Amino acid sequence: MPKGDIFSEVEKQADSAAVSKASWRGVLSLDIPTLGLGAVEYHLRAAKAHGDLQPVKVTKLDKKTGKEVVSREVPRIYRYKEGPAGERLDMQEVTPEEAKKFVRYKGDFPITVKTEKRYFLKYELEFEGKFIEIPLSQTYDKQEGEEVEPFDRTKRIEVEKDGFVPLERVSEYKFKEVYQLAPDTDKKVGETVSRVTQLARYLTEKQMALVAFFSWGRGYNFYTSVVYPYERKDGRLWLLMGMSEGILKLDDAWALIEEKGSARLPAVPVAKRKAKAVISK
């Protein structure tokens, strides 16, 4: 967003505000005769549309003691043997004392140093300066008192029976990235352009988008994937997948037109969590 943009100050609005407050006031000046908007000005206010996304907080604990564990990047020393082509074989971690011995006498065991993520008891490390290492296999994760496991990479997008949203409301999602979907025409798969095009056409006809869970890799962060068609006036048609990190929370008090007596629409749906973890809301 360029500096000086009329909405650049909107992001400064505090997230904790109960009601959206104006964070910018100014003039929108137009001079577009071809649209019937010649030499006209609009005095406006702007307020941030808040989102619902909150960070996922997961605590790693030691299975034996129940104490909290933290990760640190630390140097680790390994001895190894050199293969015929110079490759490193029989890698074994050694202590600094052992490393001094191998460096001094070398022989068949050269030394290398690697920086790795290791896990240590948090209290002992941060308050006592003691590096008490805990093997990763001896740890487990908790969120809000419930034991959880990280998500695996999504290979199949499963849309539940209620996983859809009107196309007109797709703009309420906060997309981090948008991807173009295309058929996998590899012979082993056998997907066709016509089938995928029919899906895009069907979603366009029904004015609907599909909503599902999506994870790029093992971890606790995931997206709500929104699959929707986009058809340009020149006839070009795309099937897009937006990766949403949350949804916009539009303040009804800022709506320009509100029909009295009509029911307010609920927030657009988000992907349901999998059983492996609890997602913060």
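The model shown is predicted, which means the values in this text are computed figures rather than measured ones. (Residues numbered from 1 in each chain as written. Predicted model: local features only at pLDDT ≥ 70, side-chain atom pairs only at ≥ 80, totals over all residues. Heavy atoms only, no water.)

**Student:** Help me get a handle on the overall build of the protein chain, residues and values and all.
**Tutor:** Assigned secondary structure in the protein chain consists of three helices and 14 strands. A separation threshold of at least 6 residues defines the contact pool for the protein chain, and within that pool the share at least 24 residues apart is 66%. (Helix = DSSP H or I, 4+ residues; strand = E, 2+ residues; numbered from the N terminus. Contact = heavy atoms within 4.5 Å.)

**Student:** With reference to specific residues and values, describe the pairing of strand 6 (residues 88-94).
**Tutor:** Pairing between strand 5 (residues 68-82) and strand 6: five bridges, direction antiparallel. Bridging from a neighbouring strand, Lys81 pairs with Leu89 of strand 6. Adjacent in sequence and paired antiparallel, strand 5 and strand 6 are bridged by five residues, among which Gly86 carries a positive phi angle near 85°. (Pairing = 2+ DSSP bridges.)

**Student:** Describe in detail the pattern of salt bridges, supporting the description with residues and values.
**Tutor:** Two side chains with opposite charge may pair up if their charged atoms get near one another. Under the defined criterion, the tally for this structure stands at 16 salt bridges. Glu68 is the salt-bridge partner of Lys122, the closest N and O atoms lying 3.6 Å from each other. With a gap of 54 residues between them, Lys122 in helix 2 (residues 122-128) and Glu68 in strand 5 connect regions that are remote in the sequence. When its relative accessible area of 33% is taken as the criterion, Glu68 is described as partly exposed. (Salt bridge = Lys/Arg side-chain N within 4 Å of Asp/Glu carboxyl O. Buried < 20%, exposed > 50% of the residue type's maximum accessible area, 1.4 Å probe, protein only.)

**Student:** Tell me about the side chain of Lys60, and please be specific about residues and values.
**Tutor:** When you line up the elements, Lys60 lands in strand 4 (residues 59-62). Contact partners of Lys60, with chain neighbours within four places excluded, come to Lys67, Glu68, Val69, Tyr119, Leu136, Thr139, Tyr140 and Asp141.

**Student:** Before we move on, could you go through the environment of Ala267 and cite the residues and values that matter?
**Tutor:** Considering the arrangement of structural elements, one finds Ala267 in the segment after strand 14 (237-249). Considered as a pair, Ala267 and Arg169 are 98 residues apart in the sequence and their alpha carbons are 9.5 Å apart. Contacts of Ala267, omitting those with residues within four sequence positions, involve Arg169 and Ile247.

**Student:** Which residues make up a nonpolar patch on the surface, and what values go with them?
**Tutor:** Residues Leu28, Tyr42 and Leu44 make up a contiguous nonpolar surface patch of about 220 Å² in total accessible area. For Tyr42, a relative accessible area of 34% puts it in the partly exposed group. (Patch = residues over 30% accessible without salt bridge, like charges linked within 9 Å, V, L, I, M, F, W, Y side chains within 5 Å. Areas by Shrake-Rupley, 256 points an atom, 1.4 Å probe, with all protein chains shown as cover.)

**Student:** Could you give an account of the nonpolar core, naming the residues involved and the relevant values?
**Tutor:** Of all hydrophobic cores here, the largest spans 11 residues; its members are Val165, Leu167, Val170, Tyr173, Ala209, Val211, Val226, Tyr228, Leu240, Ile247 and Val268. Elements represented by at least two residues in this core include exactly strand 12 (208-214), strand 13 (223-231) and strand 14. Look past the residues within four positions of Val165 in its chain and what remains in contact with it is Tyr173, Gln207, Met208, Ala209, Val211, Val268 and Pro269. Within the second largest apolar cluster, nine residues are counted, among which are Val196, Ala200, Phe214 and Val227. (Core = buried A, V, L, I, M, F, W, Y, C linked by side-chain atoms within 4.5 Å.)

**Student:** Residues and numbers for the side chain of Gln138, please.
**Tutor:** Along the chain, the position of Gln138 falls in the loop between helix 2 and strand 8 (139-143). A relative accessible area of 18% places Gln138 in the buried class. Of note is the side chain of Gln138, whose polar atom sits 2.8 Å from the side chain of Asp62. Residues within four places of Gln138 in sequence aside, it is in contact with Leu61, Asp62, Lys63 and Lys64. (Polar contact = N/O pair within 3.5 Å; in protein donor to acceptor, adjacent residues only side chain to side chain.)

**Student:** So what about the packing of aromatic side chains? Which residues, and what values?
**Tutor:** Any two aromatic rings considered together are summarised by their centre-to-centre distance and by the angle between their planes. The tally for this structure, following the rule as stated, stands at 10 aromatic pairs. Taking the centre distance of 4.9 Å and the plane angle of 25° together, the rings of Tyr123 and Phe127 count as stacked. Of this pair, Tyr123 and Phe127 are both found in helix 2, four residues apart, which corresponds to roughly one turn of the helix. With a centroid separation of 6.1 Å and 5° between ring planes, the pair formed by Phe175 and Tyr228 is classed as stacked. Of the two residues, Phe175 sits in strand 11 (residues 173-181) while Tyr228 sits in strand 13, which places them 53 residues apart along the sequence. Note on Phe175: relative accessible area 27%, which makes it partly exposed. Residue classification places Tyr228 among the buried residues on the basis of a relative accessible area of 13%. Grouped by ring-pair contacts, the aromatic residues Phe151, Phe213 and Phe222 constitute a single cluster. The ring of Tyr80 carries Arg88 above its face, with NZ or CZ at 4.8 Å from the centroid. For the cation-ring pair, Lys114 lies above Tyr78, with the distance from its terminal atom to the ring centre recorded as 5.2 Å. (Phe/Tyr/Trp six-rings, centres within 6.5 Å; stacked < 30°, edge-to-face > 60°. Lys NZ or Arg CZ within 6 Å of the ring centre and 35° of its normal.)

**Student:** Tell me what's going on with helix 3 (residues 193-206), and back it up with residues and numbers.
**Tutor:** In a regular helix each residue adds 1.5 Å, so 14 residues correspond to 20 Å; helix 3 covers 20 Å between its end C-alpha atoms and thus fits that length. Val196, Ala200, Leu203 and Thr204 are the residues of helix 3 that are buried. All buried residues of helix 3 lie within an arc of 105° about the axis, which places them on one face of the element. When the buried face of helix 3 is taken as reference, the exposed residues oriented beyond 90 degrees from it are Arg195, Gln198 and Glu205. Considering only its buried residues, helix 3 is in contact with strand 12, strand 13 and strand 14. (Expected span 1.5 Å × (residues − 1). Arc of directions from axis to C-beta.)

**Student:** I'd like a rundown of unusual backbone geometry, residues and numbers included.
**Tutor:** Positive phi values are uncommon outside glycine, yet Ala39 reaches one of about 45°. Tracing the backbone shows Ala39 in strand 2 (residues 37-46). Classification of Ala39 by relative accessible area gives exposed; the value is 69%. For Asp90, which is not glycine, the phi dihedral falls at a positive 55°. Inspection of the secondary structure puts Asp90 in strand 6. Residue class for Asp90 comes out partly exposed when judged on its relative accessible area of 40%.

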